[in-house]
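Spelled out from the first residue to the last, the chains are:
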Amino acid sequence: MTTFDEAAEMLDEIADALPAELMKDLNGGIYLLPHVKRHPESKAGKPLYILGEYISRRDLGKFINLYYGSFMRIYPQLPSGEMKEALRRVLIHEFIHHVEFLAGERGLEIKDEIEMEQYRRS
C-alpha cells in the first residue's frame, strides 16, 4: 500500500516533470488531499469515487485536487510504480480540463458527462 507521504512525493515528481506552460494560471496549485470523495450520484453497491478534480473559482483561483483516500479505495494494493502511473493519468486528465478551460473548450468535460450518463444507466 502506498502511504499518503509516498503518494505526495510521487505527485510532486510528476508535477515537476510537466511542462511549465501547463501551470499557466493554475494559481491555486496542486493538492493531494487525504480523504475519500464519493461522487454525489454514487450508487450503493457500485460506488463512484472522485480521484481528482479541476476547480476554477473567481474567489479561490484555479487549482487541482487529487484525493488519496479515493485512490486507496480503488487501488488499495497497487504497487508503487503503478500507483505513480495512476496519479499521473489523473493529474494529466485534470490538466486537460485546466487547459481547455483557459481555451474556452469543453471536449473533456463533454466526454466525462457521457461517461457519467453511462454510469447512471448501469
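Described below are features of the structure shown in this document. What you see is a predicted model, and the numbers here were worked out from it, not measured in a lab.

## Brief notes about the packing of helix α3 (residues 80-103) against helix α4 (residues 107-121)
When two helices pack together, you describe them by how their axes are tilted relative to each other and by the distance separating the axes. Running from N to C, α3 and α4 cross one another at 130°; their axes reach a closest spacing of 8 Å. On the basis of the axis angle, α3 is oblique to α4. Taken together, the residues of α4 that come into contact with α3 (itself represented by His93, Ile96, His97 and Glu100) are Gly107, Leu108, Glu109 and Asp112. Here the residues of the contact of α3 with α4 are counted per class, giving two nonpolar, three polar and three charged.

## Quick word on the sheet that holds strand β2 (residues 52-57)
Spatially, three strands are ordered β1-β3-β2 in an open sheet, and the strand pairing comes out mixed. The sheet terminates laterally at β1 (29-33) and β2, the two strands that pair on one side only. Strand-to-strand twist of the sheet, defined as the mean angle between neighbouring strand axes without regard to direction, takes the value 25°. Helix α1 (residues 4-17) contacts β1 and β3 (61-67) of the sheet and is inclined by roughly 160° relative to β1. Here α3 sits on the sheet in contact with β1, β2 and β3, set at roughly 160° to β3.

The rules behind the values
Residues numbered from 1 in each chain as written. Predicted model: local features only at pLDDT ≥ 70, side-chain atom pairs only at ≥ 80, totals over all residues. Heavy atoms only, no water. Axes fitted to C-alpha atoms, helices over the stretch in contact; angles between N-to-C directions. Helix = DSSP H or I, 4+ residues; strand = E, 2+ residues; numbered from the N terminus. Parallel < 35°, antiparallel > 145°, perpendicular 65-115°, else oblique. Contact = heavy atoms within 4.5 Å. Nonpolar A, V, L, I, M, F, W, Y, C, P; charged D, E, K, R; others polar. Pairing = 2+ DSSP bridges.

The values reported here are purely geometric and, on their own, carry no functional implication.
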